[in-house]
Amino acid sequence: MNAGLLVFILLLLLSFLGIPIFISLGIGTLIALNMADLPMLVLPQKLFAGMNSSSLLAIPFFILAGNLMSRSITGKLIDVANALIGRIKGSLALVTVVASGLFGAISGSGVATASAIGGLTIPAMKKEGYPAPFAVAVSSISSILGPIIPPSITLIVYASITNVSVSKLFIGSVIPGLLLVVCLMGYALVYAKRNNLPAHEKMPAKEVAKTFKSSIWALLMPIIILGGIYGGYVTPTEAAVLSVLYALIYGFATKEIKVKVLWTVLSKTVLTSAVVTFIISVAKTFGWILSKTRLPAIIGEAIMEVIPNKWVYLAVLMALLFLVGCLMDTIPSILILAPILVPVGVQFGLDELHLGVLFCITLTVGFITPPFGINLFTAVSTTGESYTSVVKGVIPFMIVMIICVLICAFVSPIITFLPGFMMGT
């Protein structure tokens, strides 16, 4: 048996058994080196090379920015969203979606989005009489906008593995991200009208203006960060550094961030970043070994003999990614599957940018897909709701999300148009 295939099967088995992904990758890499008669000196060389990437610098800075913003900017984003749509029935659900989209456009993290936005809006929705399953569901679903709407840590990891341009991936995910926001808001509106959810009183124009004035610096942050990236003024890594500086200046100026909490924020960021970076470095080493054993080429040839065209391939790929996404975390899934499955899609003639954005979105949606979606269990543990009630609330949103992803899959210009228009490719 091909050494790469044997180790790949072992890796999946260890991962599904709950072994931490970096340990699983490390065991698989060591066994593959031994089976392929490669010198052990290759391991430290490839580990260093896997971390020696300027694009990966964006990850710790975006994580740090998200941690800082959860202590300062979150409330302002919610205030602005409430001022705009508070008078609509079910407005708190809509505010949760909009605020999650805005927060995701700065932090790039689903976990940060869930804790920063859901932690404030779920209790508020319950207090106003929203059904608990719906309140938890809308917050859980909205949290995955963080890894979809750029800047996205998930897209940065994907780019580091496949060598696709980070900027193109960011731009390509804008329209799909907005489509998801609109569709989620659409379902929330329908649900609110059917269940007669409460609306807030219409805010006077002066109050709306006052809210925007007090929140202007919080609103400028995503405009500056994303405008800098899309305008070509800064790279994604430079934008990540800029977001940290902006969050620090804003937090200190408004006195919402204290010097004494910086150590806690920095410690949390370093721990998360170190784990992610180490996983990526080991995964790149593992990917190099797979390429040496020609496993991607072998699997690609086998798939192309069975699957007749790219449309069938897309359908099979999405089904697989939905399944894997609800069993494993998004980043490990990308690190394991992208080096094998993406080249096959390219051989079928799929655009690598379209394939990359779709790959990440599908895995992210799988993160909240019943019955095993990891975010479902997170919602249960943090809100105290039963698993059954959470799933009951999530399923309608999931149907909406899956329809959106299918549209993005089979109407490729939704992903490819904007990068081509803005970057002339």
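Since this is a predicted model, take the numbers as computed values, not measurements.

Assigned secondary structure in the protein chain consists of 21 helices and zero strands. Relative to its 425 residues, the protein chain shows a buried fraction of 53%. For the protein chain, the exposed area adds up to about 18100 Å²; of that, 69% sits on carbon and sulfur atoms.

It is worth spelling out the packing of helix 16 (residues 310-325) against helix 17 (residues 330-347) at this point. Packing of helix 16 against helix 17 brings their axes to within 12 Å, and their N-to-C directions diverge by 175 degrees. Classified by the angle their axes make, helix 16 and helix 17 are roughly antiparallel. Facing Tyr313, Leu317, Leu320, Leu321 and Val324 of helix 16, the residues of helix 17 in contact are Ser333, Leu337, Leu341, Val342, Val344 and Gly345. Partitioned by chemical class, the residues of the contact of helix 16 with helix 17 number nine nonpolar, two polar and no charged.

Under the 1.5 Å per step criterion, the end-to-end length of helix 13 (residues 236-253) is 25 Å for 18 residues, consistent within 8% with the ideal 26 Å. By the burial criterion, the buried members of helix 13 are Pro236, Thr237, Ala239, Ala240, Ser243, Val244, Tyr246, Ala247, Tyr250 and Gly251.

Turning next to the environment of Val136. Looking at the secondary structure, you find Val136 in helix 8 (residues 132-143). In this structure Val136 comes out as buried when scored by relative accessible area, which is 0%. Along the chain, Val136 and Ala93 lie 43 residues apart, while their C-alpha atoms are 9.9 Å from each other.

Moving on: the state of the cysteines. On inspection of all chains with the given rule, the structure shows zero disulfides. With no disulfide of its own, Cys404 lies 3.1 Å from the sulfur of Cys183, the closest cysteine sulfur. Between Cys408, a cysteine without a disulfide, and Cys404, which holds the nearest cysteine sulfur, the sulfur-to-sulfur distance is 6.9 Å. When its relative accessible area of 3% is taken as the criterion, Cys408 is described as buried.

Take the nonpolar core next. By size, the foremost hydrophobic cluster in this structure holds 123 residues, and its most contacted members are Ile59, Tyr158, Tyr313 and Phe359. Looking at this core element by element, the count peaks at 10 residues for helix 17. Here Tyr158 is in contact with Val164, Leu169, Ile334, Ala338, Val342, Glu352, Leu355, Gly356, Phe359 and Cys360, once residues within four sequence places are set aside.

To continue, consider helix 17. Taking 1.5 Å per residue, 18 residues should reach 26 Å; helix 17 reaches 24 Å between its end C-alpha atoms and fits that length. For helix 17, the buried fraction is high: 14 of the 18 residues fall into the buried class. Remark: Gly349 follows helix 17 within two positions and exhibits a positive phi of approximately 95 degrees.

With phi around 65 degrees, Asn163 is a residue other than glycine that occupies positive phi space. In this structure, Asn196 is a non-glycine residue whose phi angle is positive, near 50 degrees. As for its placement among the helices and strands, Asn196 is situated in the loop between helix 11 (174-194) and helix 12 (205-230). Classification of Asn196 by relative accessible area gives exposed; the value is 53%.

In this section: the packing of helix 16 against helix 20 (residues 387-410). Each pair of packed helices gets described by two things: the angle between the helix axes and the distance between those axes. Contact pair helix 16 / helix 20: the axes reach a minimum separation of 11 Å and the direction vectors enclose 145 degrees. The crossing of helix 16 and helix 20 is right-handed. Contacts from Trp311, Leu314, Ala315, Met318 and Phe322 of helix 16 reach helix 20 at Ile402, Val405, Leu406, Ala409 and Phe410.

For the rest of this paragraph, the subject is the side chain of Thr364. Inspection of the secondary structure puts Thr364 in helix 18 (residues 352-366). With residues near it in sequence (within four places) discarded, Thr364 still touches Ile144, Pro147, Ile148 and Thr330.

Thresholds, definitions, all that
- Residues numbered from 1 in each chain as written.
- Predicted model: local features only at pLDDT ≥ 70, side-chain atom pairs only at ≥ 80, totals over all residues.
- Heavy atoms only, no water.
- Helix = DSSP H or I, 4+ residues; strand = E, 2+ residues; numbered from the N terminus.
- Buried < 20%, exposed > 50% of the residue type's maximum accessible area, 1.4 Å probe, protein only.
- Areas by Shrake-Rupley, 256 points an atom, 1.4 Å probe, with all protein chains shown as cover.
- Axes fitted to C-alpha atoms, helices over the stretch in contact; angles between N-to-C directions.
- Parallel < 35°, antiparallel > 145°, perpendicular 65-115°, else oblique.
- Contact = heavy atoms within 4.5 Å.
- Nonpolar A, V, L, I, M, F, W, Y, C, P; charged D, E, K, R; others polar.
- Expected span 1.5 Å × (residues − 1).
- Disulfide = S-S within 2.5 Å.
- Core = buried A, V, L, I, M, F, W, Y, C linked by side-chain atoms within 4.5 Å.
- Left-handed = near helix turned anticlockwise from the far one by under 90°.

All quantities given are derived from atomic positions and should not be read as evidence of function.
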